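Breakdown of the fold
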Amino acid sequence: MNKMTLHIGVLTIATALTFVFISCSSNGDDLMQPSVEEPTAAAQTIQITVGAGIDNGASTRSEVTTTGSGKDTNRTLKFTSGDKLYVTGTVAEGKILAGILDIDATSISGGTSATFTGTYTSTNGYEFSKAKGLHVYQYDKTSKKYLTVSHTFNTTDPLSECTLVSALLVHNGTINNLEVYPELSYAQLMPIYNHFLASTIDELMTHCLYVSGSYSASKFSLAVAESGYCSPIFNCNISGLAGSTTYQVEHIFGTENWTTSVGEVKTNASGNATFAYYISNMKDATSYPHAIRFKPSTGDWYKIDLGTKTLTNKVYNVTRATVPTDPGTPGRPTFSISAPEPNANGGYIFNDAATFTLSGTSIGYYFRFKKAATITLDNFTATYNAFNSGLWGFFDCDDNLTLALEGNNAITCKNKDQCIYVFGQMYLTGSIGAQLTVTCKSSTSGGIQAEGGLFKQGVTVTGPTDNGDGTYSWIYTIEHN
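This report concerns the structure included in the present document. For clarity, every value in this text was computed on a predicted model and none was experimentally measured. (Residues numbered from 1 in each chain as written. Predicted model: local features only at pLDDT ≥ 70, side-chain atom pairs only at ≥ 80, totals over all residues. Heavy atoms only, no water.)

Description of the overall build of the chain
- If you tally the helices and strands in the chain, you get two helices and 39 strands.
- For the chain, with 481 residues in total, the buried portion stands at 47%.
- Contacts in the chain between residues far apart in sequence, at least 24 positions, make up 66% of those at least 6 positions apart.
- Of the roughly 21,400 Å² that the chain leaves accessible, carbon and sulfur atoms contribute 47%. (Helix = DSSP H or I, 4+ residues; strand = E, 2+ residues; numbered from the N terminus. Buried < 20%, exposed > 50% of the residue type's maximum accessible area, 1.4 Å probe, protein only. Contact = heavy atoms within 4.5 Å. Areas by Shrake-Rupley, 256 points an atom, 1.4 Å probe, with all protein chains shown as cover.)

Put into structure tokens, the structure is as follows:
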């Protein structure tokens, strides 16, 4: 039986603080930010020198030292010439110190510690860049970007006058792989690597592994994950995919199917792919179900179920000779009308009144009706299991909805309280003997929620049936018209 097996020993990287990203809408934030209106101050320039190292004898950097073999292999990341630190700190409310420090190659001691130097310069009105040096930035609601503002520090150690000071190791030659979003006020110039995948483990560790830490006593303590979290690496050798095809690779974990897109791989002509990727800041020593999904631009998705695992800061070997088709592969329904194009989230959006028939199979798509709709289901099967999508079900109608049934039909929304949500009135009708089975996570909703009332004269309802997987089903059968 194919299993995910531990192949490499503990990754020698200690635990320390790292960046935490909060995702939220920027609309309100932009309105709350003051314009950048700074008085002209005398320009200040400060030379900065800081130390950096890893706790517990672990090391950082762009050069990987490998010791041992097999399950006893240890890979240690070390500092090297050309490494940089991207530093951020909060100067005051709305003001961020950010920029680059360069390594002093003569200071590298065994690869486990080094000195980084740079210059703080007080400037005003310049857009953010990843250029050498540090500046103080403030978000400007007019340009909707972070701009430099003049600021005078009281000492020759600007970092000590800031709070929430952190640094990210920028591996040698990877400055262009680092993404910073100066147009997002809530991101506060925090950096992130633009991919988490490489062709080999060594390339991964030297080009995109997120190693960061906090500042204390003129020194940064860098680590691959904050305390209580881990960043496991997956070393993959996969066969059985389509040949010469580019796949978006996603790591899925948890009962709620949390999904992280880690990068792209292209198979060879035989459908083989060898690569490595990591997941940043996963909760340490916590048992989750894990899976890897492969998504091409068109065609079938594929998925490897890794089972329930408790991961930590290690390298895990994943080898598969065959990969089954992902049951979540999107499938477009068949329309009786000229089918519209769904949006990027898989939504068929109808702004005007709509009348048409659906048949075949729909997987991963949903319908939003902004006005009244009359829809016939003709031996139609739909699965829409998106989690926290912002929609109420597979059918979401702002007005009245008439649903006519032909043959056997089924709608499954295992992560929703109902499959059909109607703000107005809903009418259920159809041919005698036709059925609709609805499956959702609520045991009391009946799978259909109609705020204006559900009119189902001549329809019998059977259920709920407990499916034993956290979902419940009801069967609506047309007995007479």
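Looking at the environment of Leu 168
- Residue position: Leu 168 is located in strand β10 (residues 163-170).
- A relative accessible area of 0% places Leu 168 in the buried class.
- On a C-alpha basis, the gap between Leu 168 and Ser 212 in space is 4.3 Å, while along the polypeptide they are 44 residues apart.

Re the sheet that holds strand β30 (residues 395-397)
- What the five strands build is an open sheet, ordered β26-β28-β30-β33-β36; its pairing is parallel. Edge strands, defined here as strands with exactly one partner in the open sheet, are β26 (347-350) and β36 (448-450). Sheet twist, expressed as the mean angle between neighbouring strand axes with direction ignored, is 10°.
- Here β30 pairs with strand β33 (residues 420-422) via three bridges, running parallel. Counted as the bridge partner of Cys 397 is Val 422 from β33. (Pairing = 2+ DSSP bridges. Axes fitted to C-alpha atoms, helices over the stretch in contact; angles between N-to-C directions.)

Here's the deal with the pairing of strand β22 (residues 287-295)
- Relative to β22, strand β18 (residues 246-253) runs antiparallel, the two being bridged by six bridges. In the strand pairing of β22, Val 249 is matched with Phe 294.
- Across eight bridges, the pairing between β22 and strand β23 (residues 302-310) is antiparallel. Looking at the pairing, Pro 289 lines up with Thr 308 of β23.

Description of the state of the cysteines
- One pass over the structure, following the stated rule, counts zero disulfides.
- The structure places no disulfide on Cys 413, whose sulfur is separated from the nearest cysteine sulfur, that of Cys 419, by 4.1 Å.
- Summary of cysteine pairing: Cys 440 is not part of a disulfide, and the nearest cysteine sulfur, belonging to Cys 419, is at 5.2 Å. (Disulfide = S-S within 2.5 Å.)

Here we look at the sheet that holds strand β19 (residues 258-266)
- Spatially, four strands are ordered β19-β18-β22-β23 in an open sheet, and the strand pairing comes out antiparallel. One side of each edge strand has no neighbouring strand; the edge strands of this open sheet are β19 and β23. Sheet twist, expressed as the average angle between the axes of neighbouring strands with direction ignored, equals 20°.
- The pairing of β18 with β19 spans eight bridges and is antiparallel. Following the sheet pairing, Phe 253 is matched in β19 by Trp 258.

Overview of the pairing of strand β28 (residues 366-369)
- The pairing of β26 with β28 spans four bridges and is parallel. Pairing of Phe 350 across the sheet is with Phe 369, part of β28.
- With three bridges connecting them, β28 and β30 associate as parallel partners. Counted as the bridge partner of Phe 369 is Cys 397 from β30.

Here we look at the nonpolar core
- In this structure, Tyr 86, Phe 275 and Phe 294 are the most contacted members of the largest nonpolar core, which totals 78 residues.
- Take this core: its biggest share by element is six residues, from strand β6 (residues 95-109).
- When sequence neighbours within four positions are dropped, the list of residues in contact with Tyr 86 reads Ala 98, Gly 99, Ile 100, Phe 128, Ser 166, Ala 167, Leu 168, Val 170, Leu 178, Val 180, Leu 189 and Pro 191.
- If you look at the next biggest cluster of nonpolar residues, it comprises 40 residues, including Leu 391, Cys 413, Ala 450 and Val 459. (Core = buried A, V, L, I, M, F, W, Y, C linked by side-chain atoms within 4.5 Å.)

Keep in mind these numbers describe shape, not what the thing actually does.
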